[in-house]
Amino acid sequence: QVQLVESGGGLVQAGGSLRLSCVASGSISSVNAMGWYRQAPGKQYEFIAAITSGGNTRYADSVKGQFTISRDSAKNTVYLQMNSLKPEDTGVYLCNADRPFGFDDWGQGTQVVVSS
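Residues numbered from 1 in each chain as written. Predicted model: local features only at pLDDT ≥ 70, side-chain atom pairs only at ≥ 80, totals over all residues. Heavy atoms only, no water.

Let us look at the packing of aromatic side chains. In the structure shown here, the tally under the stated rule is three aromatic pairs. Between Y37 and F47 the ring centres are 5.6 Å apart and the planes differ by 75 degrees, which places this aromatic pair in the edge-to-face class. With a gap of ten residues between them, Y37 in strand β4 (residues 33-39) and F47 in strand β5 (residues 45-52) connect regions that are remote in the sequence. Measuring from ring centre to ring centre gives 6.5 Å for Y45 and W106, while their planes differ by 50 degrees; the resulting arrangement is tilted. Taken together, the residues Y45 in strand β5 and W106 in strand β10 (residues 104-106) connect sequence positions 61 residues apart. On the basis of relative accessible area, Y45 is assigned to the partly exposed category, the value being 48%. Given the relative accessible area of 40%, W106 is considered partly exposed. Every member of this aromatic cluster is reached through a ring pair, and the members are Y37, Y45, F47 and W106. Geometry around F47 places R58 over its ring, the cationic atom sitting 4.1 Å from the centre. (Phe/Tyr/Trp six-rings, centres within 6.5 Å; stacked < 30°, edge-to-face > 60°. Helix = DSSP H or I, 4+ residues; strand = E, 2+ residues; numbered from the N terminus. Buried < 20%, exposed > 50% of the residue type's maximum accessible area, 1.4 Å probe, protein only. Lys NZ or Arg CZ within 6 Å of the ring centre and 35° of its normal.)

Written out as structure tokens, the structure reads:
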């Protein structure tokens, strides 16, 4: 399995920026992709962004051009740069590691609150 620890969340004004970090440990070599999900208040979890082991990225339509996912392989860390934040971006952001055969690992989440 892969252990994931997120950080970087907080309270920010609309229009501001945050960078979330996810540090991975464990069976890192087995990971196909890592991504970010969020759960807004009263909503179900939704996909935000992902990056494969080969460096390919994918984004939810709602955040294209606003969020950027990246990685630092030497630090076993994935980042989510969030710009032009809106109150609708408020939620708990969770890091996910996708492994073969349908196995997923999840971090504990980091809370983002965007005030108007």
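Two elements, β4 and β5, share seven bridges in a ladder whose sense is antiparallel. Looking across to β5, one finds that W36 is bridged to A49. Counting the residues in the hairpin turn of β4 and β5 gives five residues, including G42, whose phi is positive at 75 degrees. Examined bridge by bridge, β5 and strand β6 (residues 57-59) share three bridges and lie antiparallel to one another. What sits directly across from A50, in β6, is R58. (Pairing = 2+ DSSP bridges.)

Bringing the side chain of T110 into the picture now. Assignment of secondary structure puts T110 in strand β11 (residues 110-115). Judged by relative accessible area, T110 falls into the buried class, the value being 10%. A polar contact of 3.1 Å, which involves the side chain of T110, links it to the backbone nitrogen of G9. If near-sequence neighbours (up to four positions away) are discounted, T110 is found in contact with E6, S7, G8, G9, L20, G91, V92 and Y93. (Polar contact = N/O pair within 3.5 Å; in protein donor to acceptor, adjacent residues only side chain to side chain. Contact = heavy atoms within 4.5 Å.)

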